[in-house]
Amino acid sequence: MSRLRVGVLVSGRGSNLQAILDAIARGELSAEVVLVGSNRADAMAVERARQAGVAVAIADRAELTRRADRQARLLQALEERGAELLVLAGFDEILGQALLERFNARILNIHPSLLPAFGGGMHAVRDALEHGVKVSGCTVHLVTSHVDQGPIVLQAAVPVYDEDDEASLAARILEQEHRLLPQAVQLFAERRLALEGRRVRILPAPALSQPPRQTI
Ligand code: GRF
């Protein structure tokens, strides 16, 4: 099987990017990261990409103040590198029409709550904690023009304890993010995701003799 060409967009720490790179290094994904795009030149994620020898595109907020210009630059780099799947791994911008159209139904995002709860904001972990939930978690979903509302691919739940603060709950959720996001990339690479309405079905691993099937 040829390896899926993945572009990853980042803005910060890059631990989810690292989880994907590590899974690839361990031989667990039939995928390669062909580009890391960042809207912050000084993001730790950029350093992680460079360490791993991955091509980097920078569309820095300070230099390119219009979101459309930044995303146009990132889109061009993704095209040049032949990305087939786009992964948002802590990318703090809403995607504009150009990226959405180009990667229609081929964009994954990781969000630190059990969507649709606590979507749409930048402080999902804090919001869940302040709301008093007893269970939280993370969601990998397909990205649409409706922020954090695209079809859900995978979710993992974690308990919330009385003694939790934002940092301890975020750390417990992050552990699951690092498992879930590479898993979603691999399911995509194996063409095992089928979209029915807004439900994403996970198809069983195909037998070698099976004919091709309708997937995203
Ligand atoms: C994660 O909590 C992710 O769910 C959210 O942004 C954070 C990114 O963390 N979308 P990192 O940059 O991958 O470490």
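Check the entry above for the structure.
Report follows, based on the coordinates. (Residues numbered from 1 in each chain as written. Predicted model: local features only at pLDDT ≥ 70, side-chain atom pairs only at ≥ 80, totals over all residues. Heavy atoms only, no water.)

### Remarks on the overall build of the chain
- For the chain, the helix and strand inventory stands at six helices and nine strands.
- On C-alpha atoms alone, the chain measures out to a radius of gyration of 17 Å, which is about the 17 Å that the 2.2 N^0.38 rule sets for 216 residues.
- Dimensions of the chain along its principal axes, counting C-alpha atoms only, are 50 × 50 × 35 Å.
- Long-range contacts, defined here as pairs at least 24 residues apart, represent 59% of the contacts in the chain between residues at least 6 apart.
- Total accessible area on the chain is roughly 10,900 Å²; 50% of this is exposed by carbon and sulfur atoms.
- One way to put it: in the chain the 25 positive side-chain charges average out to a point 6 Å from where the 26 negative ones average out. (Helix = DSSP H or I, 4+ residues; strand = E, 2+ residues; numbered from the N terminus. Rg over C-alpha atoms; globule rule 2.2 N^0.38 Å. Contact = heavy atoms within 4.5 Å. Areas by Shrake-Rupley, 256 points an atom, 1.4 Å probe, with all protein chains shown as cover. Lys, Arg positive; Asp, Glu negative; His and termini not counted. Charge placed at Lys NZ, Arg CZ, Asp CG, Glu CD.)

### Some words on the site of the ligand
- Lining the immediate environment of the ligand, one finds Arg13, Gly14, Ser15, Asn16, Gly90, Ile110, His111, Pro112 and Glu177.
- Separating an oxygen atom of the ligand from a backbone N or O atom of glycine 14 is a distance of 2.7 Å.
- Residue glutamate 177 places a side-chain N or O atom 2.9 Å away from an oxygen atom belonging to the ligand.
- Starting from 360 Å² of accessible surface for the ligand in isolation, the protein chains cover 82%.
- The pocket occupied by the ligand, as judged from atoms lying within 2 Å of grid points, is the largest pocket.
- Listing elements by their share of the shell around the ligand, those giving two or more residues are helix 1 (15-25) and strand 5 (107-111).
- Of the residues belonging to the shell around the ligand, the class tally is two nonpolar, five polar and two charged. (Near = heavy atom within 4 Å. Polar contact = N/O pair within 3.5 Å; in protein donor to acceptor, adjacent residues only side chain to side chain. 1 Å grid on protein atoms, 1.4 Å probe; cavity = no way out; pocket = protein on both sides within 12 Å on 5 of 7 lines; lining within 4 Å. Sits in = over half its atoms within 2 Å of the grid points. Nonpolar A, V, L, I, M, F, W, Y, C, P; charged D, E, K, R; others polar.)

### A few points about the sheet that holds strand 2 (residues 31-38)
- As summarised here, the arrangement of the seven strands in space is 3-2-1-4-5-6-7, forming an open sheet in which the pairing is mixed. Unpaired on one side and paired on the other, strand 3 (56-58) and strand 7 (152-159) mark the two borders of the sheet. The sheet shows a mean angle of 20 degrees between the axes of neighbouring strands, direction not considered.
- By the bridge criterion, three bridges tie strand 2 to strand 3 in an arrangement that is parallel. The residue of strand 3 that forms the bridge with valine 36 is valine 56. (Pairing = 2+ DSSP bridges. Axes fitted to C-alpha atoms, helices over the stretch in contact; angles between N-to-C directions.)

### Some remarks on the nonpolar core
- By size, the foremost hydrophobic cluster in this structure holds 44 residues, and its most contacted members are Val8, Val87, Val140, Val153 and Val185.
- Sort the elements by how many residues they give to this core and helix 6 (residues 166-189) lands first, with nine residues.
- Not counting chain neighbours up to four residues away, the residues in contact with valine 153 comprise Leu108, Val140, His141, Leu142, Ala184, Leu193, Val200 and Ile202.
- If you look at the next biggest cluster of nonpolar residues, it comprises 20 residues, including Ala57, Leu74, Ala77 and Val143. (Core = buried A, V, L, I, M, F, W, Y, C linked by side-chain atoms within 4.5 Å. Buried < 20%, exposed > 50% of the residue type's maximum accessible area, 1.4 Å probe, protein only.)

### Here we look at the layout of surface pockets
- Reported here for the largest pocket is a volume of approximately 1,000 Å³.
- If you trace the largest pocket, you find 37 residues lining it, with Gly90, Phe91, Ile110, Pro112 and Met122 closest to the centre.
- Mapped onto the lining of the largest pocket, the elements with two or more residues apiece are helix 1, strand 5, helix 5 (124-131) and helix 6.
- The biggest single contributor to the lining of the largest pocket is helix 6, with four residues.
- Residue composition of the lining of the largest pocket, by class: 15 nonpolar, 15 polar and seven charged. (Points joined across faces, edges and corners; volume = space filled by probe spheres on them.)

### Describing helix 1
- Most of helix 1 sits inside the fold, with eight of its eleven residues counted as buried.
- The complete set of buried residues in helix 1 reads Ser15, Asn16, Leu17, Ala19, Ile20, Leu21, Ala23 and Ile24.
- Along its buried surface, helix 1 packs onto strand 1 (4-10), strand 2, helix 2 (44-51), strand 4 (85-88), strand 5 and helix 6.
- A positive backbone phi angle near 80 degrees is found at glycine 27, which sits one or two residues after helix 1.

### What about unusual backbone geometry?
- Geometrically, the link from leucine 115 to proline 116 is a cis peptide bond, its omega value of 10 degrees lying close to zero.
- Summarising the element assignment, proline 116 is placed in the loop between strand 5 and helix 5.
- For alanine 105, which is not a glycine, the phi torsion comes out positive at approximately 65 degrees.
- Mapped onto the secondary structure, alanine 105 falls in the loop between helix 4 (97-102) and strand 5.
- Not every positive phi belongs to a glycine, and arginine 191 is a case in point at roughly 55 degrees.
- You can see arginine 191 is positioned in the loop between helix 6 and strand 8 (193-196).
- Residue classification places arginine 191 among the partly exposed residues on the basis of a relative accessible area of 47%.

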